[in-house]
Amino acid sequence: MKMKRLYMYAMIAAASFGLGSCSSFLEQSSPSVFTPDVVYEDIDMTYKVLMGVYSKFNEDATYSQYLGIILNCQSDSEIRSFTYNNPTSDDGRATTNYKPQITSSMVTKAVSALYEAIERANVLIEGIEGSSLYASGNGDVVKMHGEAITLRAQCYRDLIRMLGNVPFKIEATKTDLSNVYLPKTDRFEIMETLIGQLEQFAGELPWRQDTPERVTQGYARGLCAQLALMRAGWNYSTDGKWIEPDAADAKPFYQIAMEQTKKVIDEGGYSLVQSSSAYSGFENLWRTICQRQYADNEVLFEIGFVLSRSSEFGYTIGPRLRTTTPAYGYATQGQIFTPIEFFYSYHPDDTRRPVSVYCTEFRDISDTGEYANGVTSKTGISENIISNPQEFRVGKWNAMWMPSDFASASFAANTKTGTGVNFPMMRYSDILLMYAEAAYNYTGSASALARDALKTVRQRAIPTMSDGEFEEYLSTKTFMKAIKDERRWEFVGEGIRKWDLIRWGELHTAIATTKTLCKGIYGESGTRSYNFEFKTRRVNGETVERTIPQTVYYRYDDNNEMILDANYDYDRAKAPSADYFSSNNGGCWFWDAEGKAKSTTAKQYDQYIDNLAIGLFEDDATGYGYLYCPFYPIPSDMIRDYNGVLKQDYGFPNQ
């Protein structure tokens, strides 16, 4: 296992240079008690200042929890858990359901942490640019300059995703504070500046670092492409209107995204993790990540965490482990759900589905009473089919796949423990799909290269798909629709889908469509109806029609842990043999004996679906922003600190 050292270096840097948190958005101070002529003429000292920038990304307020997990919900694929009849029970749930308060602690902490990281980057960039080492082209210092430029761009990307237009400060705070009280800058203007800087300085970075926990040229160019696609996309005006992009205005940015991703494809040397004798390529990737190992041929940059200190990946997001056990550690929550409709949208042979979506949880099987079909006893931790359609969970970060040192540490602590599992900020499949999207929109046609980029991702997911079958699949939908669907299936849970939907102008329509589809499957009027895109599958050499089954029959592997051969998307008349269990203690899955939704649960499910993203569909009379507003309000502390310079947009109140 490769050791992850970057986080510890960052902590050393924070201690060495006094990088404490500031109590005010305005009081962001220099990250060094040493003078610039000392710090930036010394490579090791400069490195420590750089680590101070990285150190902000290990906090719960940034990528360990808020920016990495929670604030990426709600979408048509990721749902932060909430009580079916109370979608705003606390700050986090109100915020993710688009009813944020201007005093939201979660948004306030995230915004403050990002601005602190930006200030640290600003100081570092100015210090490096004023040094003789940079002027003479010292390779280490030039590389660190490129890192700081990229990390600052990442922070501003996340700020404008959350807040829309924001104060844009790209110089260190002056002693007289004359450059502090800045008004907001239009987010499209911010994107254009960041794109230009990344185009200019991405070449300062290597394609590989000593660890993928430091940004690379591949990530910088990918981030540039990501911002360019955002700039080419839809806008939401301050007075509450969705604005469709002008084709002529968007085209240069599609060109930038196309050129930047093409350079990564041609020169970066990246590839997708492939299958082994035991696992699919996609499962190999996520097992590697969960094992706290590097998959740096596919992951261009990842936020580094350390066991027992940080990372809620595998606890807040991931399959649920209901029982604390020495083998797998402290019980997890699995708070990020996914709609039942999304589970059924996958191709039946798509190897991503069993990794990405769990309709099961792990628990002490003796609690379930599932002793049917001749099985009279069973003990230990086993996978168990859930009995609530609300609780399909995003997978990927699976505590069952994590190393034994995590299980030992979390079991001993007997409480939530940092998993230490990293967060991939960008994968090579994102580069391929961004290239396909940008090239298609720039040229107006699906070129062979664009099709190959999409095909590379899809054939890793469905290894049995031939080139001819891929072309047949493309004939069923537009190329852009195929890209949008592929991105949904590939990146669920990775903090991408919500932002994709916003730049496509489809956030509210996509969620509304998902709501309708979910109610058709389950709810008071639900009839287990779903229009499968992929209508058949092969079972034991025969082609069968895909449907949502009334009863799921399944068996366990030889270790009595993992479920095998479950008919999640086709009907079985009975258990194939005596060693099979059936869902819901020998009865039906979510339905009664007549195949109808269970009355009480169905009513609750209807309320749950109605309340999903509820604030998105309410107008400004509620005080939570205009209709379909995708942004959060500027934190009230920030409004206060700016002494009247800042006002809320998008229909949010100022106090």
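So, here's what we can say about the structure. (Residues numbered from 1 in each chain as written. Predicted model: local features only at pLDDT ≥ 70, side-chain atom pairs only at ≥ 80, totals over all residues. Heavy atoms only, no water.)

### Details of the pattern of salt bridges
How we decide: By definition, a salt bridge exists where a carboxyl oxygen of Asp or Glu is found within 4 Å of a side-chain nitrogen of Lys or Arg. Helix and strand definitions follow DSSP, with helices as H or I runs of at least four residues and strands as E runs of at least two, each counted in order from the N terminus. The rule is simple: take the accessible area with a 1.4 Å probe, protein chains only, and divide by the maximum for that residue type; under 20% is buried, over 50% is exposed, in between is partly exposed.
Here the structure, examined in full by the defined rule, presents 54 salt bridges. A salt bridge links R161 to D158; the nearest nitrogen and oxygen atoms lie 3.6 Å apart. Of this pair, R161 and D158 both sit in helix α7 (residues 139-163), separated by 3 residues, roughly a single helical turn. With respect to class, R161 is no different from D158; both count as buried. In this structure, D500 and R487 form a salt bridge, with 2.7 Å as the shortest nitrogen-oxygen distance.

### Overview of the side chain of S104
Selection criterion: For the purposes of these results, a polar contact is taken to be a pair of N or O atoms within 3.5 Å, where, inside protein, one atom must be able to donate a hydrogen and its partner to accept one; residues adjacent in sequence count only when each atom of the pair is a side-chain atom.
Tracing the backbone shows S104 in the loop between α4 (91-96) and α5 (105-129). Engagement of the side chain of S104 in a polar contact is seen with the side chain of D91, the distance being 2.8 Å.

### Quick look at the layout of surface pockets
What counts, and what does not: A pocket, in this scheme, is an open set of points on a 1 Å grid over the protein atoms alone with protein on both sides within 12 Å along at least 5 of 7 lines, while a cavity is a set where a 1.4 Å probe fits but cannot get out; residues line either one if an atom lies within 4 Å of a point. Grid points are joined across faces, edges and corners, and a volume is the space filled by probe spheres set on the points. By the convention adopted, Pro, Cys, Tyr, Trp, Phe, Met, Ile, Leu, Val and Ala count as nonpolar, Lys, Arg, Asp and Glu as charged, and the other residues, Gly among them, as polar.
Here the largest pocket is characterised by a volume of approximately 960 Å³. If you trace the largest pocket, you find 32 residues lining it, with P354, I563, L564, D565 and Y568 closest to the centre. Mapped onto the lining of the largest pocket, the elements with two or more residues apiece are α11 (281-290), α13 (353-356), β8 (357-358), β13 (536-539) and β16 (563-564). Ranked by the residues each element gives to the lining of the largest pocket, the list is headed by β13, at 3 residues. For the lining of the largest pocket, the per-class residue count stands at 17 nonpolar, 3 polar and 12 charged.

### Let's talk about helix α20 (residues 507-521)
Rule in force here: The span you would expect from a helix comes to 1.5 Å times its residue count less one. When checking whether two residues touch, look at their non-hydrogen atoms; a contact exists if any pair is within 4.5 Å.
For α20, with 15 residues, the first-to-last C-alpha span of 22 Å sits near the 21 Å given by 1.5 Å per residue. Buried within α20 are the following residues: L507, H508, A510, I511, T514, K515, C518, G520 and I521. Elements in contact with the buried residues of α20: β5 (242-243), α12 (340-345), α18 (479-491), α19 (497-503) and α22 (599-611). Within two residues after α20, G523 carries a phi angle of roughly 140°, on the positive side.

### Focus: the packing of α20 against α22
In plain terms, the rule: Between N-to-C directions, angles span 0 to 180 degrees; the directions come from axes that are lines fitted to C-alpha atoms, helices contributing only their stretch in contact. Put simply, angles under 35 degrees are roughly parallel, angles over 145 are roughly antiparallel, angles from 65 to 115 are roughly perpendicular, and the rest are oblique.
The contact between α20 and α22 brings their axes to 10 Å, and the two run at 175°. Considered as vectors, α20 and α22 are oriented roughly antiparallel to each other. In contact with K515, C518 and K519 of α20, α22 contributes Y605, D606, I609 and D610. In the contact of α20 with α22, the residues fall into 3 nonpolar, no polar and 4 charged.

### Some points on the nonpolar core
We apply this condition: By nonpolar core we mean a set of buried residues, namely Ala, Val, Leu, Ile, Met, Phe, Trp, Tyr and Cys, connected to one another through side-chain atoms within 4.5 Å.
Among the nonpolar cores identified, the biggest contains 194 residues, and M162 and W589 are the most heavily contacted of them. With 14 residues, the single largest contributor to this core is α5. When residues no more than four places from it in sequence are discounted, the contact partners of M162 are L67, L71, A110, V111, L114, F631 and Y632.

### Considerations on unusual backbone geometry
With omega at 0°, the peptide bond leading from C73 into Q74 counts as cis. Among the secondary structure elements, Q74 is positioned in the loop between α3 (43-55) and β1 (79-80). Of note in the backbone geometry, L177 takes a positive phi value of approximately 60° without being a glycine. On the secondary structure map, L177 appears in the loop between β2 (166-167) and β3 (184-185). For L177, a relative accessible area of 38% gives the class partly exposed. In this structure, S311 is a non-glycine residue whose phi angle is positive, near 90°. Along the polypeptide, S311 turns up in the loop between β6 (299-303) and β7 (336-337).

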